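Structural overview for review
Residue strings, one per chain:
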Amino acid sequence: MAKKKKGRIAIPFLLTMFISLIIIGGAALFIYNYLGIGKEKELEEPIARNTNTAEYEDSHTVLLILNLPEEKCPYSFVMMRSVPSEKKLLFVGIPSNTIAVVDGQQARLDESFARGGAASAVSFSEQVLGVDIDKYMIFGSDALLKACDIIGGVTYSVKEEIVGFDKTTAEQYLNGSQIQTYLTYPMFEGGEEQRAYTASSLLSAMINQSDLQRLADGLDRSFNTIINLVESDITAVDYKNNKNAVKYMLERGSTIARFRIVTGKTAAGDFIPDNSFREDMIKEYFTDPDSISDETSKSSGNVSETVSEENKSQGAE
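Overview of the structure. (Residues numbered from 1 in each chain as written. Predicted model: local features only at pLDDT ≥ 70, side-chain atom pairs only at ≥ 80, totals over all residues. Heavy atoms only, no water.)

1. Re the overall build of the chain
Scanning the chain from terminus to terminus reveals ten helices and twelve strands. Across the 317 residues of the chain, 38% fall into the buried class. Contacts in the chain between residues far apart in sequence, at least 24 positions, make up 66% of those at least 6 positions apart. Only carbon and sulfur atoms are counted for the fraction: they give 53% of the accessible area of the chain, which is about 19,700 Å². (Helix = DSSP H or I, 4+ residues; strand = E, 2+ residues; numbered from the N terminus. Buried < 20%, exposed > 50% of the residue type's maximum accessible area, 1.4 Å probe, protein only. Contact = heavy atoms within 4.5 Å. Areas by Shrake-Rupley, 256 points an atom, 1.4 Å probe, with all protein chains shown as cover.)

So this is what it looks like as structure tokens:
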């Protein structure tokens, strides 16, 4: 009897093994890919930093000075305090004839500015207001008119009879030229105190009546325009550091502006300020609300600890 050839058994056996390897290998590859075994984990897209926010540290203070020598009128001084995180803007009018003791000597605001420039006016205003002032801006006629044009004028009640204004105590629209005429009016019945009141209240009304979203959208253009028309120590870096916070305030805020005036009395042509206005102003616009919360929590904790100790003492007795 002839022997069976080994090849007849080996070939089907090898073919079966080959097919089995393909099937098993394919299944293994599917599971391998499906479960992601051995794959390098893809890096997730970084989450963009939300710049449309503001913190208390973004707050800043600027002394606004109106200097129009061609009008032969007193200077106007207004401190602007911006607190973007709380969407608040404060304008404080300071009478130009305000007197105070600065560096051990009595001085007057308008004279300090005329003699030592903006730096002296800033130091003087810090002494009167009891706060730090970061920067200054000195406006001439061109800068004032352009700023009024950017913000959009104001509807305001003019109680003085001035040529070129409607003879009514009702509110009327004022363009940039009329605003300049009003701020430089030489015969305010209330003198420089009334001029300071007018400047701060008018600025507040201008902001509240403006289209805040429009101001936010055009912030870069407006800054570049105004900064080239004023004398200021505000730099492009300062603007870059505060731009997002200011835009946040404008985009999220509504009727954000308020105004106040330094209180005091006039004697012999000088305005003598008192400190009654300081406390509320500093508490509302120059104090981090989080620090107040922390202090309140600490105080509450201290009270609780005291009560607890008293209870323990009474229990021991």
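2. Structural notes on the pairing of strand β8 (residues 171-174)
Residues Gln172 and Leu174 point to one face of β8 and are all buried, whereas Glu171 and Tyr173, pointing to the other face, are not buried. Note that strand β7 (residues 154-157) and β8 share four bridges and pair antiparallel. The residue bridging threonine 155 from the neighbouring strand is tyrosine 173, located in β8. (Pairing = 2+ DSSP bridges.)

3. Describing the pattern of salt bridges
A complete count under the given rule lists seven salt bridges for this structure. The partner of glutamate 86 in a salt bridge is lysine 88, with the nearest N and O atoms 3.2 Å apart. Take lysine 88: its relative accessible area is 15%, and that puts it in the buried class. Measuring nitrogen to oxygen at the nearest pair gives 3.1 Å for the salt bridge that ties arginine 195 to glutamate 192. In this pair, arginine 195 and glutamate 192 are both assigned in helix α5 (residues 191-209), three residues apart and thus about one turn of the helix distant. For arginine 195, a relative accessible area of 3% puts it in the buried group. Several salt bridges converge on common partners, so that one network encompasses Arg108, Asp110 and Asp270. (Salt bridge = Lys/Arg side-chain N within 4 Å of Asp/Glu carboxyl O.)

4. Some details on helix α2 (residues 109-129)
With 21 residues, α2 ought to run about 30 Å at 1.5 Å a step, yet its terminal C-alpha atoms sit only 12 Å apart, falling short of that. Its maximal kink placed at glycine 116, α2 deviates by approximately 140°. Burial in α2 covers these residues: Leu109, Asp110, Ser112, Phe113, Ala118, Ala121, Val122, Phe124, Ser125, Val128 and Leu129. Looking at the residues trailing α2, positive phi occurs at glycine 130, about 75°. (Expected span 1.5 Å × (residues − 1). Bend = angle between axes of the 7 residues up to and from the residue.)

5. Some details on the side chain of serine 210
Residue placement: serine 210 occurs in the loop between α5 and α6 (212-217). A polar atom in the side chain of serine 210 sits 2.7 Å from the backbone oxygen of isoleucine 207. For serine 210, the contacting residues outside a window of four places in its chain are Ile151 and Leu215. (Polar contact = N/O pair within 3.5 Å; in protein donor to acceptor, adjacent residues only side chain to side chain.)

Coordinates in, geometry out; function isn't part of it.
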